[in-house]
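Survey of secondary and tertiary structure
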Amino acid sequence: MKARLRAQIRAARSGRVASADWVERVLARVPVGSVVCAYVALPSEPPTEAVIEALLARGDSVYLPIAEQGLTWVPAAASRPWQAWGLRGSCPVAPVDLPPVDVILVPALAVDMTGRRLGQGGGYYDRFVPAHPGARTVALLWSGEVLPDIGAQPHDITVDEWVVADE
């Protein structure tokens, strides 16, 4: 079920544009002064570049992942231009130990009505989020990606809330 659902969602994602208030709606979920684990969106994902820049501009500490055998993190401010390396690229900045995390912006293909998340299938966030139980988790989605059933399994994380980019 998950493989088919992932394929359907990926096919429906092309050409989408975030609404004008997208960044402000994401920022509303993040208290000022937070330590935030964000991510550089893939081309089909809800955009995160402006979100990251806005978080940095207001003084939040933002960390970006490098996905290798797990997630390692680099400070976004030190890794500019982070747009050039992205989630899977090479990064000239050495990974750091994370301070206590306040908010995790979580990539997702979909969530169900209870917040269970359907990710890309690598399990990175399913392993990372439980290690930070005090952090608020916010999934970033496109419209139509909040579904009644995603075929959730016990290892799939539940996010605290979600923001839809094109509403």
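Below is a short write-up of the structure. (Residues numbered from 1 in each chain as written. Predicted model: local features only at pLDDT ≥ 70, side-chain atom pairs only at ≥ 80, totals over all residues. Heavy atoms only, no water.)

1. Re the overall build of the protein
Keep this limit in mind: Each helix corresponds to a stretch of at least 4 residues labelled H or I by DSSP, and each strand to a stretch of at least 2 residues labelled E; elements are numbered beginning at the N terminus. Radius of gyration: over C-alpha atoms. The globule rule applied is 2.2 Å multiplied by the number of residues raised to the 0.38 power. Here, Shrake-Rupley sampling with a 1.4 Å probe gives the accessible areas, and only protein chains in the shown set may cover a residue. As used throughout, the charge tally considers Lys and Arg to be positive and Asp and Glu to be negative, leaving His and the chain termini uncounted. Where a charge sits is defined by one atom per residue type, namely NZ (Lys), CZ (Arg), CG (Asp) or CD (Glu).
Of regular secondary structure, the protein possesses four helices and nine strands. Going from N to C terminus, the protein has its helices and strands arranged as α-α-β-α-β-β-β-β-β-α-β-β-β. A compact globule built from 167 residues would reach a C-alpha radius of gyration of about 15 Å, and the protein, at 15 Å, matches this within 12%. Once the C-alpha set of the protein is aligned to its principal axes, its extents read approximately 40 × 35 × 30 Å. Taken as a whole, the protein presents about 7800 Å² of accessible surface, with 55% of it coming from carbon and sulfur. Here the protein contributes 15 positively and 18 negatively charged side chains, and the mean placements of these two sets differ by 5 Å.

2. Examining the sheet that holds strand 8 (residues 146-147)
The condition that has to hold: At least two DSSP bridges between two strands are needed for those strands to be called paired.
Read from one edge of the open sheet, three strands run 6-5-8, paired in mixed fashion. Two strands bound the open sheet, and with one partner strand each, they are strand 6 (117-118) and strand 8. In terms of strand pairing, strand 5 (residues 110-112) meets strand 6 through two bridges, oriented antiparallel. Paired with Val-111 across the strands is Arg-117, a residue of strand 6.

3. A word on the side chain of Thr-48
This is how it is decided: With a 1.4 Å probe rolled over the protein chains alone, any residue whose accessible area is under 20% of its type maximum counts as buried; one over 50% counts as exposed, and the rest are partly exposed. Polar contact criterion, stated in full: a pair of N or O atoms within 3.5 Å, where within protein one must be able to donate a hydrogen and the other to accept it, and residues adjacent in sequence count only if both atoms are side-chain atoms. Note on definitions: a residue-residue contact is assigned when non-hydrogen atoms from the two residues lie within 4.5 Å.
Take Thr-48: it is sitting in the loop between strand 1 (35-37) and helix 3 (49-57). Judged by relative accessible area, Thr-48 falls into the buried class, the value being 4%. One polar contact links the side chain of Thr-48 to the main-chain carbonyl oxygen of Tyr-39, over a distance of 2.7 Å. Setting aside anything within four residues of it in sequence, one finds Thr-48 in contact with Tyr-39, Val-40, Ala-41 and Leu-140.

4. A look at the nonpolar core
Applicable threshold: By nonpolar core is meant a set of buried Ala, Val, Leu, Ile, Met, Phe, Trp, Tyr and Cys residues that side-chain atoms within 4.5 Å join together.
Of all hydrophobic cores here, the largest spans 44 residues; its most connected members are Ile-104, Leu-105 and Tyr-125. Elements with a contribution of two residues or more to this core: helix 2 (22-27), strand 1, helix 3, strand 2 (61-67), strand 3 (71-75), strand 4 (103-107), helix 4 (124-128) and strand 7 (136-141). With five residues, the single largest contributor to this core is helix 3. Setting aside anything within four residues of it in sequence, one finds Ile-104 in contact with Cys-37, Tyr-125, Phe-128, Val-129, His-132, Ala-135, Arg-136, Thr-137 and Val-138. Within the second largest apolar cluster, seven residues are counted, among which are Leu-5, Ile-9, Leu-109 and Ala-110.

Take it as geometry only, folks, not as evidence of what the structure does.
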